Amino acid sequence: AGNWKMNCDLAEMEELLAGIKNNIGSVPNDVQLMVAPSFTNLHPAFESLRETNVKVVAQNMHQSESGAFTGEVSPSMLKSIGIETVIIGHSERRSIFNETDAVLAEKVSTALKHGMTVVFCFGEELKDRKADQHFEVVKQQLKEGLFHINDADWDKIILAYEPVWAIGTGETASPEQAQEMHAEIRKMITEEFSKEIADKVAILYGGSVKPANAQEIFAKEDVDGGLIGGASLKADDFLAIAKSY
Ligand code: PEP
């Protein structure tokens, strides 16, 4: 999954999409690709990728149905242009836009109510890892933001573990650190829900994934894919990462 953040105007995105579409045949069919453009680029991206199996995903949405929320976008607006999946809880939303676990829990509920798939992001900060608190912090984020859902809702959930210290920093969690956390996340889900659900849910790793390190990270048993920021803005790198799975 490529998170394009606040990058690419329309022309730049069209160039990026052309690059992806030109070589998409090189990616194995069983690799699900997703891209998350800005709100203004969602509709053109959806139209451009209509004939491919690349899903177009929103980076955020508001938790309310409609109303006096200037500058915000609702789930039905997204659905009306064909967008069925939304990223919720990205660390930049948490830290820069002050989205709390409680707000994120509401967003998850609203998205699920609209039948949308949620890519739920979470991850510890460097200070948490240094204090050996990373498992507790992640557990708390999952409990407060996500674990209010029902068993059946898990079919609509994709998890993205993104240690904040590895996002956009060039610093990557080692494959062993990613595997250790992903295994722990499955344990948390087993305890709160069931082993069946824990085994089935896809857990992506995010944080400075690039063509040079993707293969060894994706090779880990509990890593089911990646959420890619910077490297997803170059078609060749994004496809090379996709082929590493
Ligand atoms: C992200 O924004 O989700 C991300 C992982 O960014 P980057 O790949 O640039 O670290």
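**Let's talk about the overall build of the chain**
A count of helical and extended segments in the chain gives eleven helices and eight strands. A compact globule built from 245 residues would reach a C-alpha radius of gyration of about 18 Å, and the chain, at 17 Å, matches this within 12%. Principal-axis analysis of the C-alpha atoms places the extent of the chain at approximately 45 × 45 × 35 Å. Taking all 245 residues of the chain together, 50% fall into the buried category. Residue pairs at least 24 apart in sequence account for 68% of intrachain contacts in the chain once pairs closer than 6 positions are excluded. Summing over all exposed atoms, the chain offers an accessible surface of approximately 11,400 Å²; the carbon and sulfur share of this is 49%. Positive and negative side-chain charges of the chain, numbering 23 and 38 respectively, have mean locations separated by a distance of 1 Å.

**Thoughts on the sheet that holds strand E2 (residues 34-36)**
The strand order across the open sheet formed by eight strands is E1-E2-E3-E4-E5-E6-E7-E8, and the pairing between neighbours is parallel. Each end of this open sheet is capped by a strand with a single partner; those strands are strand E1 (2-3) and strand E8 (225-227). Of the strand pairs in this sheet, strand E4 (residues 85-88) and strand E5 (residues 117-122) are connected by four bridges, and their pairing is parallel. Its bridge partner lying in E5, Thr85 is registered against Thr117.

**A word on helix H1 (residues 10-23)**
Here H1 is 14 residues long and its end C-alpha atoms lie 20 Å apart, about the 20 Å a rise of 1.5 Å per residue gives. Those residues of H1 that fall on the buried side of the exposure criterion are Met13, Leu16, Leu17, Gly19 and Ile20. The arc that holds every buried residue of H1, seen down its axis, measures 155°, which confines them to one face. More than 90 degrees from the buried face of H1, the exposed residues found are Ala11, Glu15 and Asn22. Structurally, H1 contributes buried residues whose contacts are with E2, helix H2 (39-48) and helix H11 (235-243). Where H1 begins, the capping side chain belongs to Asp9, and its oxygen is found 3.2 Å from the backbone nitrogen of Ala11.

**Section: the pairing of E5**
With six of six residues buried, E5 is to be regarded as a mostly interior element. Burial of the side chains of E5 extends over both faces: Thr117, Val119 and Cys121 are buried on one face and Val118, Phe120 and Phe122 on the other. Direction of pairing for E5 relative to strand E6 (residues 157-161): parallel, over a ladder of five bridges. Following the sheet pairing, Phe120 is matched in E6 by Leu159.

Scoring rules and cut-offs
- Residues numbered from 1 in each chain as written.
- Predicted model: local features only at pLDDT ≥ 70, side-chain atom pairs only at ≥ 80, totals over all residues.
- Heavy atoms only, no water.
- Helix = DSSP H or I, 4+ residues; strand = E, 2+ residues; numbered from the N terminus.
- Rg over C-alpha atoms; globule rule 2.2 N^0.38 Å.
- Buried < 20%, exposed > 50% of the residue type's maximum accessible area, 1.4 Å probe, protein only.
- Contact = heavy atoms within 4.5 Å.
- Areas by Shrake-Rupley, 256 points an atom, 1.4 Å probe, with all protein chains shown as cover.
- Lys, Arg positive; Asp, Glu negative; His and termini not counted.
- Charge placed at Lys NZ, Arg CZ, Asp CG, Glu CD.
- Pairing = 2+ DSSP bridges.
- Expected span 1.5 Å × (residues − 1).
- Arc of directions from axis to C-beta.
- Polar contact = N/O pair within 3.5 Å; in protein donor to acceptor, adjacent residues only side chain to side chain.

Geometric values such as these leave the question of function open.
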